Amino acid sequence: MNKLFLLIISVIIAVSCAKIPLESLTLADSLTNEGSRMHQLNIALINKMFAEKRQKIDEFITMEYTPQYIKNFTQAIPPDADIKEELPEILNSIIPEINSRRDMMQSALEDQRIKLVTKLGQDYAVYLSGSNELRKLLESNVQVDKERKEFFDSVKGMTNDKIDLNKVEDALDGFITDSGDVSASILDLNETINSIINQ
């Protein structure tokens with residue numbers, strides 16, 4: 001998006017000329033279309049990343065968490081217990097606990113996906129609003145200096161909102177492999193995503 005902002009600024013600088021070429025409107029439309037394409041790519045990237053993380057949660061629960069949970073559970077069974085006789089009750093105790101952890105992790109992941117997609121949508125709405133204002137400015141060529149200043153202020157505000165997808169992925173990977181208290185892990189993930197969004 002930063003490259004688009006630089007192009008937009010370049011177009012605005014051209015506004016200071018007495019005559020605005022017709023190509024400026026075409027450029028403005030191209031920038032808006034490119035911004036829309038980039039927004040859709042960002043959404044697709046977020047959704048793909050979270051789909052992969054949902055799969056990783058399932059793999060973690062199956063390959064790591066469940067075996068360790070069963071091991072810990074069986075170590076707590078009294079030595080004189082008849083495991084074959086107690087097996088249905090053991091399974092009735094173990095399976096809901098494991099499923100509950102998986103569901104909590106998947107739910108937390110979905111909450112964060114929705115939060116990020118919402119933020120991307122909000123940022124795109126700001127970008128689109130700025131692009132529309134630019135086109136109006138180019139079309140009207142009225143009060144150029146005032147509208148140019150307002151648009152510069154708008155662009156300045158837009159460039160402060162960035163989402164570092166590398167940090168998002170690191171936070172999600174840390175959340176998936178954390179075997180500690182699931183509630184604390186969810187809180188940590190929430191705080192981390194919030195800090196990335198609000199930096």
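As the structure is a computational prediction, the values presented were derived from the model and not from experiment. (Residues numbered from 1 in each chain as written. Predicted model: local features only at pLDDT ≥ 70, side-chain atom pairs only at ≥ 80, totals over all residues. Heavy atoms only, no water.)

A.B. asks: Just checking my understanding: could you explain the packing of aromatic side chains for this structure?
C.D. replies: For any pair of aromatic rings, geometry is given as the distance between the ring centres together with the angle between the planes. The final tally for this structure, using the stated rule, is three aromatic pairs. The interplanar angle of 35° and the centroid separation of 6.3 Å between the aromatic rings of F60 and Y65 together place this pair among those described as tilted. Residue F60 shares its accessibility class with Y65, and that shared class is buried. Chaining the aromatic ring pairs together yields one cluster made of F60, Y65 and Y69. (Phe/Tyr/Trp six-rings, centres within 6.5 Å; stacked < 30°, edge-to-face > 60°. Buried < 20%, exposed > 50% of the residue type's maximum accessible area, 1.4 Å probe, protein only.)

A.B. asks: Would you explain a negative patch on the surface in this entry?
C.D. replies: On the surface, D82, E85, E86 and E89 cluster together to form a negatively charged patch. We classify E86 as partly exposed; its relative accessible area is 30%. (Patch = residues over 30% accessible without salt bridge, like charges linked within 9 Å, V, L, I, M, F, W, Y side chains within 5 Å. Areas by Shrake-Rupley, 256 points an atom, 1.4 Å probe, with all protein chains shown as cover. Salt bridge = Lys/Arg side-chain N within 4 Å of Asp/Glu carboxyl O. Lys, Arg positive; Asp, Glu negative; His and termini not counted. Charge placed at Lys NZ, Arg CZ, Asp CG, Glu CD.)

A.B. asks: Help me out: how do you make sense of the environment of S195 in this one?
C.D. replies: Structurally, the position occupied by S195 is in helix α6 (residues 182-198). Within the structure, the side chain of S195 is placed 2.7 Å from the backbone oxygen of T192, a separation counted as a polar contact. (Helix = DSSP H or I, 4+ residues; strand = E, 2+ residues; numbered from the N terminus. Polar contact = N/O pair within 3.5 Å; in protein donor to acceptor, adjacent residues only side chain to side chain.)

A.B. asks: Please clarify how the side chain of Q106 should be interpreted in this entry.
C.D. replies: Turning to its location among the elements, Q106 is positioned in helix α3 (residues 83-140). Among residues more than four places away in sequence, those in contact with Q106 are R54, I57 and D58. (Contact = heavy atoms within 4.5 Å.)

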